[in-house]
Every structure is written in C-alpha cells, then in structure tokens.
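Spelled out from the first residue to the last, the chains are:
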Amino acid sequence: MSLANKYRPRNFDTIIGQDHITGILKAKIKSDKGGNSNFLLFGPRGTGKTSCARILAKAMNCLDLQDGNPCNQCANCKTIDEWKTLDYVEIDAASHTGVDNIRDEIISKAVYPPTMLKKKIYVIDEVHMLSKWAFNALLKTIEEPRDTVAFILATTEVNKVPETVISRCQVFNFKKVPEAEMVGRLEEICKSEGLSYDDNALSLIAKVSEGCVRDAVKYVDQVSILGNLNEENVTKFLGIASEQTIINFIDHIVDKNSDLLFKEIAKLVDQGVDLQHFAKQVLMFLDAHLFDNIDLYLKISEQFGEILSWIRNYPYPALIYKIVLHKYIHGTSWSIVEPVAVEKPVAATNPDPVQKIIVQEEKIAPVQAKIATDSPSQSTDLWTRVVARIDKDSLQKSLKDLSSISSLENGVAHIMVINKFAQMALESHENRNYIEKLLSEEHGSPIQIKVEFQSKEDFFSGMLG
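Residues numbered from 1 in each chain as written. Predicted model: local features only at pLDDT ≥ 70, side-chain atom pairs only at ≥ 80, totals over all residues. Heavy atoms only, no water.

Here the focus is the packing of helix H12 (residues 243–254) against helix H14 (residues 275–288). In a packed pair of helices, the relevant descriptors are the angle between the two axes and the axis-to-axis distance. With their axes 10 Å apart at the nearest point, H12 and H14 run at an angle of 80° to one another. Between H12 and H14, the crossing angle belongs to the class labelled roughly perpendicular. Facing H12, whose interface residues are Glu243, Ile246, Ile247, Phe249 and Ile250, H14 presents Phe278, Gln281, Val282, Phe285 and Leu286. Along the lines of polarity and charge, the residues of the contact of H12 with H14 split into eight nonpolar, one polar and one charged. (Axes fitted to C-alpha atoms, helices over the stretch in contact; angles between N-to-C directions. Helix = DSSP H or I, 4+ residues; strand = E, 2+ residues; numbered from the N terminus. Parallel < 35°, antiparallel > 145°, perpendicular 65-115°, else oblique. Contact = heavy atoms within 4.5 Å. Nonpolar A, V, L, I, M, F, W, Y, C, P; charged D, E, K, R; others polar.)

Take a look at the structure:
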C-alpha cells in the first residue's frame, strides 16, 4: 500500500492545515439534530477535500462519536470504510458528466430511505465537470432535501459550479497547507515508517509540493526507495534544484555574469532538472525573501514570469532562459524585432564619383526610413493594446504571446506569428479587417497588416542575437 493511502486522514483531527473547516464540522456533527445538510468543499488539489468528505459521511452515521469525530470502529464506520453499503456512494463527475448518469446514480435512488446507515450519503468529486443539464437535474434533488439524504460536493474549480447549486450548500474553502505543518506531517510519517531523513530534505519536499499533501507524501514514498531522505536524493529523484543552486543562480543574475549563468543553465539540463519547475522554485524563493531587496527581486521575478509564459509553447526551455536573461542582463527589452537585411556590396559599374555617391545614398535611404518608423518597444506596446481589445476569445487566445509586430512602416504592420492557428486566424478576411480597424484606432492612422509565419526555433534563436 502506498504511503498516501496508508496515512490518509481517518478523522478530522488528522487533516492538517484546515482547522478553520474541521473545527466547524466537528461542532456541527456534535450539535446536529438530524436536519438536512448539503456541503460544497472546494480548494486546491491534494488538500483533503475527498478525505474530509469520507470522514464527514462516517461522522453523520457513526454510532459512537468521539468529540465530533467518527470512531472508525462501529458497524456503520466499518461498512463505509469497506464499501459494503449502497447507502454511501462516491461518484467521479469527470466520468459521469451526463444527465442520464445523474438520474441513474442519484435521483432515482435518493427517494428511497437508507437500508443500513442513518443517512444516505452521496459524494460527488470534481462536481464542476457535470454538464449543465446534469446540474439542473441534480438541483431539483438538493433543493428539496430529505433528512435521510446528504450531498457532499467537492471541486477544485468552484467558479464552474452554478450559483443555484452553491446557494443550497454549506460552503467550505480548503487552502494550501502551510510548509511548517507539511514538514511536521512528513516527520510523523518518516518516524512511523522508520525512515532516515534530513530536515532540509523534508523542507524541500514541502516547498515543491506547493501545499498539496498528497504530492508531498508521494514524494517521500518515492525518494525513500533510494534510502536516506536527504537533499541530494530528493533533488536527484524529483528533478528539482537545491536551495543553494537557486541562490547561486540569482547571484549570477545580480552580478550580470552571463558566462556563469549560461553554465549554470547547462548544468541544470545535465542534471535533469525540470526547467519549468525550476522557474517556479526561483519565484517561490524570491517571494519568500522579497524584502531582502524588494526592487531588484521584483524585477527578477518579472523575468521568470516571462520565462514561464513562453516555456509552455517552446520545445527548448534552456534557450528561453538564455534569451530572457540575456536581454535582462544587457538592458534590452523583450520584444520581437525583425532582423535587418544586410545588403551585399554592389560591384561598381561606373567609376564616376558622382554616380558612386548616388549609389551610396540609395543604400542609406532605407535605413533612414526605418529609423523614422515606430521603435520596437512602441510596436510591442501597440500590439499588446490591440490584442487586449479583441473581444473574440478564440482569436485573442490564438494571438496572445504567439504573435507580434515585427515592423511598422508606411502604413503596413508586419505581423510575425509562430503558430499556424494564429496565421490562419489572421488570414481570414473578417479577422484581418477587424484587426486592421483596431490597429488603425490605436495608432491614430490607417494601418494594413501583412502576416508572416516563422518557426519557433528560428524566432527564439533570432531573439538572442
């Protein structure tokens, strides 16, 4: 049995980091006079919602309550634990989304009284996955409740649950578990299992799990295979960086030492560190130490936010790091700039010095015209404003972070895209007219667009030059 299942909470007192919820539920169970109750538990994954739902179901049916906690020894508690009754039903809404599922699993059966327990309990996990029609069917049942039936709904996305359902439930907001409480719980598990551990290793696991107890216990289970739970084994097994590595990385950025910084990036790649997760680790470190140097750390945080926004769409994350941090260190802006073509020398066909001057002036003129146009930063700001104004969600999503104005001159905006969907969207006659209208309004003069596609590899490689 995995440690996550072995040490799953079995009463309210063993749920960590949610005292604001468990205290209320225990008090309610002790004072409950048999009235109806529907519950909605929401919050981040791995924070105890489903465990709490099962404990709550046992507590409402327990024959020997222990200060609001289920005893886990009576016939009713054991029946629920062993899944030996039809009066306790758990449904995964992700695989039971339709109205027919809800009718078959709940509505048609909820009208009958429980056969073994005091109350028939329905737990619906990830309830936000239900279809609109399934919610409507469920609503009729929970708005006319019976004393012998209770619904416990759990979700990670409460914003997708209809207000009509929320208003008929007692709502409890689960929070990410604080690091100190997480470390304490991991220590208890390690001591119980006889595992050798370092405090730094458990602290690192608590940070990486980001408040998710299930992930933290799973990591302990995995790393324990290597023997000691020390920092070296944790970083090696989970593909994460040590705190000292993060400190060194930030120091190189502060010192503006590109050579050491790029070597550190290569080292992270060689060690198998997940660079997307490393960016999150750096952001968490900066947040925890923000007041050490608030202005500087906020600026560095912006760069790592930029890295995270691009890294999802690019197959070579190390190059994203180099591009963003190179631009930051050398004081250049993060923007898409069309490379300026360099003309090859033209063989002189006329030795006449007057003719030579004319040729030189013709070669200089395009450069002068380029300087007279909007600067790259102005073009970037212009495109950001235009994309923000797009009221078509699919079009805005296709263009955001995947396109930019590479140049703007003579009333023509060259739109560089690195996504085929964005290219197709802009080549639509309707969308083209719409974007040209927004561009003209924002720029204050008529603008036409010309769409150019560039591969991600060429695009990001060009930005480093």
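Still more to cover.
Turning our eyes to something else, we now look at the sheet that holds strand S4 (residues 149–155). Remark on secondary structure: sheet strands pair via backbone hydrogen bonds, oriented parallel or antiparallel. With respect to topology, five strands assemble into an open sheet ordered S2-S3-S4-S1-S5, the strand pairing being parallel. On the outer flanks of this sheet lie strand S2 (88–92) and strand S5 (170–173), each paired with one strand and no other. Between one strand axis and the next, the sheet turns through 15° on average, direction left out of account. With five bridges connecting them, S2 and strand S3 (residues 120–125) associate as parallel partners. Residue pairing for S3: Tyr88 is matched across the bridge by Ile121. Its contacts with the sheet place helix H5 (residues 99–110) against S2, S3 and S4, and it is angled at close to 155° to S3. (Pairing = 2+ DSSP bridges.)

The tally for this structure, following the rule as stated, stands at one cavity of 30 Å³ or more. The volume enclosed by the largest cavity comes to roughly 50 Å³. Around the largest cavity sit 10 residues that line it, and Thr141, Pro145, Arg146, Val149 and Phe151 are the ones nearest its centre. Residues of the lining of the largest cavity, tallied by class, amount to five nonpolar, three polar and two charged. (1 Å grid on protein atoms, 1.4 Å probe; cavity = no way out; pocket = protein on both sides within 12 Å on 5 of 7 lines; lining within 4 Å. Points joined across faces, edges and corners; volume = space filled by probe spheres on them.)

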